[in-house]
Amino acid sequence: VWVWVRARARANPNPNPNHGKVKEAVDSQTLRRGAIKIVNLRQLRKVRSAEENLKHELAIHRRLKQANVVELIEEFRVAEKEKLYVVLELVNGGSLQQLADSRPEHILPEALAARFTRMLFTGLAYCHSKGIVHRDIKPSNLMVSVDGIL
């Protein structure tokens, strides 16, 4: 059973209906923290093929288990609310874009940039070995853990 950690949701600025609000939660049994993406199924059904695309995306994501790829922990539906809850590994260090923006002149030190590039290529090589292409690699989509793992 997942319990909300923070009361307010962080709205995703992307208008894509596959992208919902994201809330931080903790599993009350294991105490594992997660990020729960809340997808409004009623809105999703308004977009042609969106529900099928999301099902396909989740089926692909379920197969991925690698340190540089955010883990899909579980998903569940609440029919009476017409919501899908997608529980993902919590990566709470911010995005690579946020990290770069916090630096002077928005430039990462070369050694750090090289380290992140290696991790990115490791994660991408893993995805490619599974026949998966990401299609939206950009600094704002690359999450960094507080331990510095991309």
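Residues numbered from 1 in each chain as written. Predicted model: local features only at pLDDT ≥ 70, side-chain atom pairs only at ≥ 80, totals over all residues. Heavy atoms only, no water.

## Notes on the pattern of salt bridges
- Within the structure shown, the criterion is met by nine salt bridges.
- We note a salt bridge from Glu51 to Arg45, for which the minimum N-O separation is 3.4 Å.
- Residue class for Glu51 comes out buried when judged on its relative accessible area of 14%.
- Under the relative-accessibility criterion, Arg45 is labelled partly exposed at 44%.
- A network of salt bridges, in which partner residues are shared, links Arg42, Arg45, Glu51, Arg77 and Glu82. (Salt bridge = Lys/Arg side-chain N within 4 Å of Asp/Glu carboxyl O. Buried < 20%, exposed > 50% of the residue type's maximum accessible area, 1.4 Å probe, protein only.)

## Structural notes on helix H4 (residues 110-129)
- In this model, H4 (20 residues) spans 28 Å end to end at C-alpha, consistent with the 28 Å of a helix rising 1.5 Å per residue.
- Those residues of H4 lying buried are Phe116, Met119, Leu120, Gly123, Leu124, Tyr126 and Cys127. Down the axis of H4, the buried side of the element spans an arc of 155 degrees, and every buried residue falls inside it. Projecting away from the buried face of H4 at angles above 90 degrees are the exposed residues Glu110, Ala111, Arg118, Phe121 and Ser129.
- If you follow the buried residues of H4, they end up packed against helix H3 (96-101).
- At the exit of H4 stands Gly131, carrying a positive phi of roughly 80 degrees. (Helix = DSSP H or I, 4+ residues; strand = E, 2+ residues; numbered from the N terminus. Expected span 1.5 Å × (residues − 1). Arc of directions from axis to C-beta. Contact = heavy atoms within 4.5 Å.)

## Brief notes about the pairing of strand S5 (residues 83-89)
- Within S5, five of the seven residues are buried, leaving the element largely enclosed by the surrounding structure.
- Looking at chain direction, strand S3 (residues 33-40) and S5 are connected through seven bridges and run antiparallel. Paired with Ala35 across the bridge in S5 is Leu88.
- Sheet topology places strand S4 (residues 72-78) next to S5; six bridges connect them, and they run antiparallel. In the sheet register, Phe76 faces S5, and the bridge partner there is Tyr85. (Pairing = 2+ DSSP bridges.)

## Digging into the side chain of Ser95
- Looking at where Ser95 falls in the secondary structure, it is placed in the loop between S5 and H3.
- Owing to a relative accessible area of 6%, Ser95 belongs among the buried residues under this scheme.
- If we ignore the near neighbours within four places in the chain, the residues touching Ser95 are Pro139, Ser140, Leu142, Met143 and Val144.

## Digging into the sheet that holds strand S1 (residues 2-4)
- Overall, antiparallel pairing links the five strands, which are arranged S1-S2-S3-S5-S4 in an open sheet. Sheet topology places S1 and S4 at the edges, where each strand pairs with a single neighbour. In this sheet, adjacent strand axes meet at a mean angle of 35 degrees when their direction is disregarded.
- In this fold helix H2 (residues 50-62) packs onto S3, S4 and S5, with an angle of close to 145 degrees to the strand it touches most, S4. (Axes fitted to C-alpha atoms, helices over the stretch in contact; angles between N-to-C directions.)

## Comments concerning H2
- In this model H2 runs 18 Å from its N-terminal to its C-terminal C-alpha over 13 residues, within 8% of the 18 Å that 1.5 Å per residue would give.
- Residues of H2 that are buried: Ala50, Glu51, Leu54, Leu58 and His61. Looking straight down H2, one finds that the buried residues subtend no more than 95 degrees of arc, so they occupy a single side. Pointing more than 90 degrees away from the buried face of H2 are the exposed residues Glu52 and His56.
- In this structure, the buried residues of H2 make contact with S3, helix H1 (41-44), S4 and S5.

None of the figures reported here should be taken as evidence of function without further support.
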